[in-house]
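Residues per chain are reported as follows:
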Amino acid sequence: MKAMPLKQAQERLYSVAQRKRDTSLTLLTWKQDRSVEVECIEGTIVLREHGYRESELTFTQAHDMKHALKDACAREFPRSNRVHVLERGAAYGKERGAAYGKS
């Protein structure tokens, strides 16, 4: 897992949704007890929240998801300025964060 600033991670989530490849990107708090995940499956974008609120929203366009993503990050990471990022590719078998020397 890679740690990065929250604003940069939000932009990365949005860019993953725009690409519409079969990928998953998860943002986790420092303690890893709350998360926001964007998963693209066959052109459908799924936004999942775990922590203060458990929810799952489905979108077809990345533009429609942008406001919901901002609200979810504000709710799940109210005081965080750095988050852990976990990215999974199409196979979902290999975590990309492990390539940075952290597991």
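Provided above is the structure to which this section pertains.
Per chain, the residues get numbers from 1 upward, laid out in the order the sequence is written. Local features are withheld for residues below a pLDDT of 70 in this predicted model, meaning they are given only at 70 or higher, and side-chain atom pairs are given and counted only at 80 or more; totals for whole chains, interfaces and linings count all residues. Hydrogens and water are ignored here; the side-chain numbers use all heavy atoms of the structure.

1. Brief notes about the sheet that holds strand 4 (residues 44–50)
- Pairing between two strands is assigned when DSSP locates at least 2 bridges connecting them. Helix and strand labels come from DSSP, where a helix needs a run of H or I of at least four residues and a strand needs a run of E of at least two; each type is numbered from the N terminus. Reading across from one edge, 1-6-2-3-4-5 is the order of the 6 strands in this open sheet, with antiparallel pairing throughout. Looking along the sheet, the strands with just one partner apiece sit at the ends: strand 1 (2–5) and strand 5 (55–59). Recorded for the sheet is a direction-independent mean angle of 20° between the axes of neighbouring strands.
- As judged from the 5 bridges shared by strand 2 (residues 24–28) and strand 6 (residues 82–88), these two strands associate in the antiparallel manner. Among the inter-strand pairings, Leu28 is bridged to a residue of strand 6, identified as His84.
- Contacts from helix 1 (residues 6–19) reach strand 1, strand 2, strand 3 (35–41), strand 4 and strand 6, with the element oriented near 105° to strand 1.
- Most of the contacts of helix 2 (residues 62–76) go to strand 4, to which it runs at about 10°, and overall it touches strand 2, strand 3, strand 4 and strand 5. Orientation is described by lines fitted to C-alpha atoms, with helices fitted over the stretch in contact, and by angles between N-to-C directions that extend from 0 to 180 degrees. The criterion used for residue contact is that any of the two residues' heavy atoms lie within 4.5 Å.

2. A few points about the pairing of strand 4
- Type-normalised accessible area, obtained with a 1.4 Å probe on protein chains alone, sets the label of each residue: buried when under 20%, exposed when over 50%, and partly exposed for intermediate values. Along strand 4, 5 of the 7 residues are buried, which leaves the element largely enclosed by surrounding structure.
- By the bridge criterion, 7 bridges tie strand 3 to strand 4 in an arrangement that is antiparallel. Its bridge partner being in strand 4, Val36 is matched across the sheet by Glu49.
- Between strand 3 and strand 4, which pair antiparallel one after the other, the connecting turn spans 2 residues, and Glu42 there sits at a positive phi close to 50°.
- Strand direction decides the pairing type here: strand 4 and strand 5, joined by 5 bridges, are antiparallel. Considered in strand 5, the bridge of Ile45 is made with Phe59.

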